[in-house]
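Residues per chain are reported as follows:
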Amino acid sequence: MQGTIDGFNYGAVTPVVAYVMACLGSALGLRCTIRSLRNDSSWKPGWLALGAAAIGSGIWTMHFVAMMGFHVAETPVAYDLRQTVLSLVVAIVVVGAGVFVVGYRGATRTALLAAGLTTGLGVAAMHYIGMASMRMNGRLEYSPVAVTLSVVIAVAAATAALWAAVSVKGFLSSLGAALVMGVAVTGMHYTGMSGLSVRLHEAHSSQPLGGDAAISIVLPMMIGPLAFLLLAAVVVMFDPVLVLGEGEWTASPAAPQAPPNDWPEGFGAAYPGTGDRPGQAARHYPPQPGPPPTAY
């Protein structure tokens with residue numbers, strides 16, 4: 001018997017909030033990665049790690065915010081704590097691998113393909129590990145076409161995001177890249193969910209769920225990633241290079257302007273050995289007609 005699935009139990013609230021979380025994590029991660037390229041080697045790993053954690057946390061939060069709207073009419077849905085935590089760790093680690101590769105190797109074709117493939121497969125793995133953490137009186141079944149398409153979208157989105165992280169420089173450009181990445185990541189999630197079905201267990205073979213309700217495990221777990229994203233946002237906001245831009249922050253101060261020439265024209269000619277203005281080197285003028293200046 002097939003279960004009745006509703007992926008939008010709270011209407012448009014969960015997909016919109018999920019998209020915002022994906023965009024927030026992507027924007028912070030891109031800005032941190034850009035900042036690492038403008039820093040010396042001692043701070044570079046820290047900025048890259050912060051960017052990877054921001055992107056990974058944003059993607060993971062997006063997934064479970066969207067899953068808050070997932071509902072099966074015939075059975076309650078619970079979550080296994082260990083697999084839920086594992087999905088978060090996988091998201092951060094695989095994104096970190098990709099970010100560090102392009103952070104140190106640059107946006108070369110080989111580096112982008114390797115990093116994009118690794119990160120995309122890791123993001124897809126995070127999604128399906130998170131799905132596997134669900135406990136219900138039924139078995140999840142997936143459409144191979146939907147799964148394949150979701151993995152392709154994840155790899156393409158990861159590659160594009162990693163390229164943007166090392167290629168896009170301006171604030172508005174990186175913001176636009178984050179919005180596009182949010183669409184791709186959220187689209188990957190709902191593409192995979194479109195091929196999901198639930199085959200319910202027979203009544204006599206039903207077993208205890210063995211997990212915790214979403215509101216008691218997923219919501220508390222979101223506090224950590226959300227707090228981290230807030231902290232990353234504060235770091236980005238108070239970093240002058242990211243706020244003002246490298247050109248404005250590192251620009252050298254304007255050279256002092258010379259004082260206006262308020263001395264009478266020809267002063268130096270009348271008094272050899274002096275300049276036409278204070279502080280100016282002496283200039284030699286030809287003798288002027290008329291009586292010589294009176295010596296005092």
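Residues numbered from 1 in each chain as written. Predicted model: local features only at pLDDT ≥ 70, side-chain atom pairs only at ≥ 80, totals over all residues. Heavy atoms only, no water.

Trainee: Give me the packing of helix H2 (residues 44-67) against helix H6 (residues 171-194): which residues, what numbers.
Mentor: Two elements in contact, H2 and H6, have axes whose closest approach is 11 Å; the angle formed by their N-to-C orientations is 40°. Overall, the two elements H2 and H6 adopt an arrangement that is oblique. Judged by the sense of rotation from one axis to the other, the crossing of H2 with H6 is right-handed. On the side of H2, the interface is formed by Ile55, Ile59, Met62, His63, Ala66 and Met67, while H6 contributes Met181, Val185, Thr186, His189, Tyr190 and Met193. Here the residues of the contact of H2 with H6 sort into nine nonpolar, three polar and no charged. (Axes fitted to C-alpha atoms, helices over the stretch in contact; angles between N-to-C directions. Helix = DSSP H or I, 4+ residues; strand = E, 2+ residues; numbered from the N terminus. Parallel < 35°, antiparallel > 145°, perpendicular 65-115°, else oblique. Left-handed = near helix turned anticlockwise from the far one by under 90°. Contact = heavy atoms within 4.5 Å. Nonpolar A, V, L, I, M, F, W, Y, C, P; charged D, E, K, R; others polar.)

Trainee: Mind laying out the nonpolar core, listing which residues take part and the relevant values?
Mentor: Core analysis: the largest hydrophobic core is formed by 46 residues, its most contacted members being Ile59, Phe70, Val95 and Met134. Looking at this core, the elements that each hand over two or more residues are helix H1 (13-37), H2, helix H3 (81-105), helix H4 (109-132), helix H5 (144-167), H6, strand S6 (196-200) and helix H7 (214-237). No other element matches H2, which puts ten residues into this core. Setting aside residues no more than four positions away along its own chain, isoleucine 59 makes contact with Val95, Val123, Met126, Met181 and Val185. (Core = buried A, V, L, I, M, F, W, Y, C linked by side-chain atoms within 4.5 Å. Buried < 20%, exposed > 50% of the residue type's maximum accessible area, 1.4 Å probe, protein only.)

Trainee: Now, about the pattern of salt bridges: what can you tell me, with residues and values included?
Mentor: Oppositely charged side chains may form a pair once their charged atoms are brought near each other. Tallying each qualifying case throughout the model produces two salt bridges. Notably, a salt bridge pairs glutamate 141 with arginine 139, separated by 2.7 Å at the nearest N-O pair. Overall, the relative accessible area of 22% leaves glutamate 141 in the partly exposed class. Three or more residues joined by partner-sharing salt bridges are found here, namely Arg139, Glu141 and Arg199. (Salt bridge = Lys/Arg side-chain N within 4 Å of Asp/Glu carboxyl O.)

Trainee: Any details on the packing of aromatic side chains? Residues and values, ideally.
Mentor: Going through the model one piece at a time under the given rule, you end up with five aromatic pairs. Judged by centre distance (5.4 Å) and plane angle (10°), the rings of phenylalanine 8 and tyrosine 190 are stacked. Of this pair, phenylalanine 8 sits in the loop between strand S1 (5-6) and H1 while tyrosine 190 sits in helix H6, and the two are 182 residues apart along the sequence. According to the relative accessible area criterion, phenylalanine 8 is partly exposed, its value standing at 42%. (Phe/Tyr/Trp six-rings, centres within 6.5 Å; stacked < 30°, edge-to-face > 60°.)

Trainee: Break down the packing of H1 against H6 for me, citing the residues and quoting the values.
Mentor: For any two helices packed against each other, one specifies the inter-axial angle together with the distance between the axes. The contact between H1 and H6 brings their axes to 8 Å, and the two run at 135°. Compared by their axis directions, H1 and H6 come out oblique. The two elements H1 and H6 meet at a crossing, and its hand is right-handed. When H1 is examined against H6, the residues Thr14, Pro15, Ala18, Tyr19, Ala22, Cys23, Ser26, Ala27, Leu30, Arg31 and Ile34 are found in contact with a partner set consisting of Phe171, Ser174, Ala177, Ala178, Leu179, Met181, Gly182, Val183, Thr186 and Tyr190.

Trainee: So what's going on with a nonpolar patch on the surface? Residues and values would help.
Mentor: Residues Leu81, Val85, Val89 and Val93 make up a contiguous nonpolar surface patch of roughly 310 Å² in combined accessible area. Its location among the elements puts valine 85 in helix H3. Judged by relative accessible area, valine 85 falls into the partly exposed class, the value being 34%. (Patch = residues over 30% accessible without salt bridge, like charges linked within 9 Å, V, L, I, M, F, W, Y side chains within 5 Å. Areas by Shrake-Rupley, 256 points an atom, 1.4 Å probe, with all protein chains shown as cover.)

Trainee: Could you give me a rundown of the side chain of histidine 127, with the residues and numbers involved?
Mentor: Checked against the element boundaries, histidine 127 lands in helix H4. A polar contact of 3.3 Å, which involves the side chain of histidine 127, links it to the side chain of histidine 189. (Polar contact = N/O pair within 3.5 Å; in protein donor to acceptor, adjacent residues only side chain to side chain.)

Remember that the coordinates give geometry; whether it matters functionally is a separate question.
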